[in-house]
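Structural description and commentary
Chain residues, written in single-letter form:
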Amino acid sequence: MTNDRPHCVVLGVGNADRGDDAAGPAVARNLRSLLPPGTQIIEHGGEATALIGQMDGAERVFMIDACVSGARPGTIHRFDVSATPVPAVALGLSSHGFGVAAAVELARALGQLPRQCIIYAIEAASFEIGAPLSPMVAAGVIEVAGRVLAEIANYANQEGGQHA
């Protein structure tokens with residue numbers, strides 16, 4: 001990791017103007033004032049090569065996106081893709097054409113995948129232009145923000161113990 005790159009990156013992926021596709025950016029906004037120094041929060045539209053660039057050099061990345069798998073809206077999926085490929089079931093989950101999962105696998109193939117890479121996907125109900133988050137997805141956003149915050153705090157505590 002270079003000194004100018006953050007230790008941890010949180011990527012909220014999606015389009016804030018397309019209903020539940022705003023789930024990722026909403027998580028990023030919820031976390032903006034809560035995360036420790038050394039954490040970068042990025043709201044991102046989802047273009048795959050740009051996602052790879054945002055991950056490059058970070059030790060730990062959390063990616064949050066809306067998804068469509070047929071589960072109940074608001075359902076939260078979590079995938080730790082640090083050492084193993086993205087599960088086949090997740091490859092089609094993203095609401096974006098190329099998708100977060102495909103970007104992760106391309107980063108892995110290029111040797112640019114961070115040491116720790118977690119994907120959170122929140123099941124969407126609607127991608128209507130101009131619509132707000134549906135209530136179930138809004139509840140999922142709050143829950144994912146809490147989970148990401150807890151995971152980052154846990155990593156910080158583990159790392160602090162190693163240096164003590």
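Relevant structure appears above.
Structural notes, computed from the coordinates.

**Describing the pairing of strand 1 (residues 8-13)**
In summary, the side chains of a regular strand alternate between the two faces of the sheet. Most of strand 1 is tucked away, with 6 of its 6 residues classed as buried. Alternating residues of strand 1 divide into Cys8, Val10 and Gly12 and Val9, Leu11 and Val13, and every residue in both groups is buried. Where strand 1 meets strand 2 (residues 39-44), 6 bridges bridge the pair, whose relative direction is parallel. The residue of strand 2 that forms the bridge with Val13 is His44. Handedness of the crossover joining strand 1 and strand 2 through helix 1 (residues 23-31) is recorded here as right-handed.

**Some remarks on the sheet that holds strand 1**
The 5 strands are arranged 2-1-3-5-4 in an open sheet whose pairing can be described as mixed. The two strands at the open ends of the sheet, each matched to only one other strand, are strand 2 and strand 4 (76-80). Averaged over all pairs of adjacent strands, the angle between their axes in this sheet comes to 15°, without regard to strand direction. As judged from the 8 bridges shared by strand 3 (residues 60-67) and strand 5 (residues 116-123), these two strands associate in the parallel manner. Residue pairing for strand 5: Asp65 is matched across the bridge by Ala121. Where helix 3 (residues 100-109) meets the sheet, its contacts fall on strand 1, strand 3 and strand 5, and the angle it forms with strand 5 comes to roughly 170°.

Parameters at a glance
- Residues numbered from 1 in each chain as written.
- Predicted model: local features only at pLDDT ≥ 70, side-chain atom pairs only at ≥ 80, totals over all residues.
- Heavy atoms only, no water.
- Buried < 20%, exposed > 50% of the residue type's maximum accessible area, 1.4 Å probe, protein only.
- Helix = DSSP H or I, 4+ residues; strand = E, 2+ residues; numbered from the N terminus.
- Pairing = 2+ DSSP bridges.
- Right-handed = clockwise from strand over helix to strand, strands pointing away.
- Axes fitted to C-alpha atoms, helices over the stretch in contact; angles between N-to-C directions.
- Contact = heavy atoms within 4.5 Å.

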